[in-house]
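# Examining the three-dimensional arrangement
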Amino acid sequence: MYKTILKPFLDFLVALMGLLILFPVFIIVYVILIINNQGSAFFFQDRPGKNGKIFKVIKFKTMNNKKDKQGNLLSDEIRLTALGKFIRKTSLDEIPQLINVLKGDMSLIGPRPLLPEYLPLYNEDQQKRHLVKPGITGWAQVNGRNAISWQKKFEYDVWYVNNISLTLDIKILFKTVQKVFKTEGINRVGEATTTRFTGNE
């Protein structure tokens, strides 16, 4: 009952309340990014949701569009702006995803939505992470976020899928708040964001 009825209801209710409460912050970050990014505040990207269905995730834009002479985007480390680093450090870039939750694309808590090109790289067990809606935060995020290996991250994701409960979601929510204030696990050591998943060894 929790997974099919109560969780979707709580997702919508909490996301709506969250947007209303954070609206002043949302507007401030939006205006600052419009100025800093010369007119572009949001970042839209295709991500796989429940059962691999593709949707567009919404985040505040933390990187510029600088390219090399061949027209290719520069590395994340170079394109990540000083303001973007602060926004990521404080997790403010995640706020627009509350809109994805209201639309039903995402849940507040679940495996993070990754890139579509990773889909054929998962093994049979790892594919279970797509049996539920992706989340803004999740079990992997409160147990290391980007500082842990892909394999460990997927183990946490699948464990969550197999053990979803109201108690677990509340625990993850509180641990997420702690992580945000401590700014733990945002990047791998020496990386601006995280490494790409290239498949299982």
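Everything that follows concerns the structure shown earlier in this document.
Cut-offs and rules
- Residues numbered from 1 in each chain as written.
- Predicted model: local features only at pLDDT ≥ 70, side-chain atom pairs only at ≥ 80, totals over all residues.
- Heavy atoms only, no water.
- Helix = DSSP H or I, 4+ residues; strand = E, 2+ residues; numbered from the N terminus.
- Buried < 20%, exposed > 50% of the residue type's maximum accessible area, 1.4 Å probe, protein only.
- Contact = heavy atoms within 4.5 Å.
- Areas by Shrake-Rupley, 256 points an atom, 1.4 Å probe, with all protein chains shown as cover.
- Expected span 1.5 Å × (residues − 1).
- Arc of directions from axis to C-beta.
- 1 Å grid on protein atoms, 1.4 Å probe; cavity = no way out; pocket = protein on both sides within 12 Å on 5 of 7 lines; lining within 4 Å.
- Points joined across faces, edges and corners; volume = space filled by probe spheres on them.
- Nonpolar A, V, L, I, M, F, W, Y, C, P; charged D, E, K, R; others polar.
- Salt bridge = Lys/Arg side-chain N within 4 Å of Asp/Glu carboxyl O.
- Pairing = 2+ DSSP bridges.
- Patch = residues over 30% accessible without salt bridge, like charges linked within 9 Å, V, L, I, M, F, W, Y side chains within 5 Å.

### What about the overall build of the chain?
Along the backbone of the chain there are 6 helices and 4 strands. Beginning at the N terminus, the succession of helices and strands in the chain can be written as α-β-β-α-α-α-β-β-α-α. Overall, the chain is about 50 × 45 × 30 Å in size when its C-alpha atoms are taken along their principal axes. Relative to its 201 residues, the chain shows a buried fraction of 43%. Within the chain, contacts between residues separated by at least 24 positions form 68% of all contacts whose residues are at least 6 apart in sequence. Accessible surface for the chain amounts to roughly 11,400 Å². Of this, 61% is attributable to carbon and sulfur atoms.

### Quick word on helix α6 (residues 166–182)
If you check α6, its first and last C-alpha atoms are 25 Å apart, about what 17 residues at 1.5 Å a residue would give, namely 24 Å. Looking only at α6, the buried set comprises Leu168, Asp169, Ile172 and Thr176. The buried residues of α6 all sit within an arc of 90 degrees when viewed along its axis, so they share a single face. Along α6, the residues that are exposed and aim more than 90 degrees away from the buried face are Thr167, Phe174, Phe181 and Lys182. Buried-residue contacts for α6 involve α1 (2–36), β3 (107–109), β4 (135–137) and α5 (150–162).

### Points about empty space enclosed by the protein
If you walk through the whole model with that rule in mind, you get 1 cavity of 30 Å³ or more. Here the largest cavity is characterised by a volume of approximately 30 Å³. Lining the largest cavity are Pro48, Gly49, Pro111, Arg112, Pro113, Arg129, His130, Val132, Lys133 and Pro134. By residue class, the composition of the lining of the largest cavity is 5 nonpolar, 2 polar and 3 charged.

### Looking at the pattern of salt bridges
According to the stated counting rule, one finds 10 salt bridges in the structure shown. A salt bridge links aspartate 93 to lysine 59, with the nearest nitrogen and oxygen atoms 3.5 Å apart. Residue aspartate 93 is located in the loop between α3 (82–89) and α4 (97–103), and its partner lysine 59 is located in strand β2 (residues 54–60); the two are separated by 34 residues in the primary sequence. This pair shows no difference in class: aspartate 93 is buried, exactly as lysine 59 is. Through salt bridges that share partners, Lys59, Asp93, Glu94 and Arg112 make up one connected network.

### Brief notes about the pairing of strand β1 (residues 42–48)
Pairing analysis gives 7 bridges linking β1 to β2, with the strands arranged antiparallel. Note on β2: the bridge partner recorded for phenylalanine 43 is lysine 59. Linking β1 back to β2 in an antiparallel pair, the connection comprises 5 residues, with asparagine 51 at a positive phi of about 60 degrees.

### Regarding a nonpolar patch on the surface
Residues Leu6, Phe9, Leu13, Val14, Met17, Ile21, Leu22, Val25, Leu166, Ile170 and Phe174 make up a contiguous nonpolar surface patch of roughly 960 Å² in combined accessible area. Per-element accounting of the nonpolar patch gives the leading share, 8 residues, to α1. Looking at the secondary structure, you find leucine 6 in helix α1.

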